[in-house]
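Structural characterization, general
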Amino acid sequence: MKSAVETLNPTRVRLTVEVPFEELKDSLDAAYKKINQQVTVKGFRKGKVPARVIDQRFGRGAVLEEAVNDALPKFYTDAVNEAELNPLGQPEVDITELKDGETLNFTAEVDIRPAIEIPDFSGIEVEVDAVEVTDEDVDKAVEELRERFASTTPVERAAEDGDVVTIDLEAKVDGEVLEDGVANGVSYTIGSGELLDGIDDAVKGLEAGGEATFTSELKGGSAAGKEAEVTVKVSQVAKRELPELDDEFAQLASEFDTIEELRADSRKRLENMKQYDQATQAQERVLEKLLELVEVPVPEKLLEDEVNTRKHNLEHHQLGQMGLDLAKYLEIQGKSEEEFETETREAAVKGIKTQFVLDELVKQEKLNVNQEELTEHLMRRAASSGMSPDQFAQAVVEGGQVPLLVGEVARGKALAVVVEKATVKDTNGEIIDLDDEEDETESAEAEATEASAEEKTEG
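Here the structure is a predicted model, which is why all the values come from computation and not from measurement.

Another aspect to go through is the UniProt feature "domain: PPIase FKBP-type" (unreviewed entry) in the protein chain. When the UniProt feature table is mapped to this numbering, "domain: PPIase FKBP-type" (unreviewed entry) covers residues 162–215. Within the segment residues 162–215, helix and strand shares are 9% and 54% respectively, and the terminal C-alpha atoms sit 22 Å apart.

This is the structure:
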């Protein structure tokens with residue numbers, strides 16, 4: 001077999017392959033054997049029909065077609081390996097010449113990973129938010145904890161802001177009660193904004209047994225986005241009572257003995273959260289700077305597939321779970337369809353470029369993934385998916401997704417290499433040391449790629 005490669009553009013090539021006919025022998029034998037098992041010829045036992053009889057009865061062309069279909073994948077793969085290409089997706093194959101007993105010639109056009117030159121990235125500098133926790137931040141955190149330990153006491157008076165009311169709801173659209181528009185015994189804190197628009201004004205001033213009707217746009221369910229006439233009936237009004245912020249509360253709400261110890265712990269937790277956010281911000285900004293340094297051509301078909309995948313996932317998974325369609329989502333976001341298309345395309349381009357660049361860095365830095373790193377990543381992914389580690393691991397193995405996870409970990413390590421060499425300063429001008437933030441680095445990289453061009457780009 002002889003093959004040649006013609007570069008059509010930085011992300012697409014045409015392979016021209018010439019196969020001597022003798023190299024089709026195994027496939028021809030297999031074709032005769034397959035046809036033998038499928039046909040019946042009088043005078044011959046099943047599977048024992050001579051090749052010449054098959055040629056006479058069914059045509060040599062049928063045999064050649066079967067043989068070529070069997071052989072093409074192998075010859076294509078040999079040509080790809082010989083040329084050391086990294087194909088993306090399936091090739092477009094065209095048989096240019098097939099002469100019985102002489103030769104098989106074909107061409108195969110396919111998208112490939114572009115050759116990427118990674119320049120020196122040690123000069124990257126980024127600025128991130130400083131880690132600052134104020135007394136007000138601590139006050140807010142302690143107050144939120146205090147809210148969680150609030151108690152309620154039924155009262156015989158009209159409902160007020162902050163009260164917890166027990167209510168029954170009935171929603172009608174066009175005068176008809178919706179099948180999923182009835183709910184009883186719902187507990188609602190007035191002013192929380194957790195239910196329907198207009199409900200606060202409707203229930204304020206009502207006592208137990210009181211009833212009101214208001215109009216509101218439904219946020220979910222079978223009539224999401226439609227105007228509904230909602231009847232609300234109050235069965236109980238309860239006053240929320242917050243515990244005193246003293247040592248007794250600290251002992252109730254935490255493992256600490258004093259309120260000062262609780263406040264100190266809250267401050268430390270907030271500092272850790274802000275350090276995590278700072279590390280994530282640093283990685284995202286370093287990645288953006290890295291992508292600016294590298295010229296990355298993006299295969300058009302791969303880009304179109306990625307855009308379509310993102311739109312499909314949004315419409316049929318994320319929005320579907322919220323009871324929204326794309327039009328309603330865009331209305332809520334205040335975006336036009338053109339803006340949405342542009343943003344989706346830009347995000348897809350960034351995702352593909354990110355994977356290409358970090359994969360090249362993995363190769364350049366000779367980074368490997370060990371079992372411990374893979375297990376830790378799997379545990380994090382399981383937690384974010386809401387599945388147990390065992391369930392997630394089983395789904396990954398059954399779906400053949402282990403290489404995908406290995407790729408995610410490797411790209412996380414590649415980004416860590418870049419971050420380590422970058423200069424990261426906070427808004428106070430202080431240099432930030434992120435050497436100990438490997439977990440955050442991997443997490444940020446996973447978000448940055450958004451699983452965008454995951455192993456499906458491997459063909």
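It is worth spelling out the confidence of the model for the protein chain at this point. Of the residues in the protein chain, 95% reach a pLDDT of 70 or more, and the chain-wide mean stands at 89. Within the protein chain, helix α14 (residues 438–449) has the poorest average pLDDT of any element, 45, and strand β5 (residues 125–128) the best, 96. Low pLDDT (under 50) marks residues 437–459, which in the prediction has 60 contacts with non-local residues, meaning those over four places away or in another chain.

Before going further, it helps to spend a moment on the sheet that holds strand β3 (residues 87–99). With antiparallel pairing, four strands are arranged side by side in an open sheet as β1-β2-β4-β3. Edge strands, defined here as strands with exactly one partner in the open sheet, are β1 (2–9) and β3. Taking each pair of neighbouring strands and ignoring which way they run, the sheet shows an average axis angle of 20°. Packed on one face of the sheet, helix α3 (residues 60–83) meets β1, β2 (12–20), β3 and β4 (103–112) and runs near 125° to β3.

Viewed as axis vectors pointing N to C, helix α7 (residues 259–293) and helix α10 (residues 337–365) meet at an angle of 85°, and their least axial separation amounts to 10 Å. In terms of their interaxial angle, α7 and α10 are classed as roughly perpendicular. Residues Leu287, Glu288, Leu290 and Leu291 of α7 form the contact with α10, whose participating residues are Lys350, Lys353, Thr354, Val357, Leu358 and Leu361. Along the lines of polarity and charge, the residues of the contact of α7 with α10 split into six nonpolar, one polar and three charged.

Definitions and limits used
- Residues numbered from 1 in each chain as written.
- Predicted model: local features only at pLDDT ≥ 70, side-chain atom pairs only at ≥ 80, totals over all residues.
- Heavy atoms only, no water.
- UniProt positions renumbered as here; feature names shortened; annotations may be inferred.
- Helix = DSSP H or I, 4+ residues; strand = E, 2+ residues; numbered from the N terminus.
- pLDDT = per-residue confidence, 0-100.
- Contact = heavy atoms within 4.5 Å.
- Pairing = 2+ DSSP bridges.
- Axes fitted to C-alpha atoms, helices over the stretch in contact; angles between N-to-C directions.
- Parallel < 35°, antiparallel > 145°, perpendicular 65-115°, else oblique.
- Nonpolar A, V, L, I, M, F, W, Y, C, P; charged D, E, K, R; others polar.

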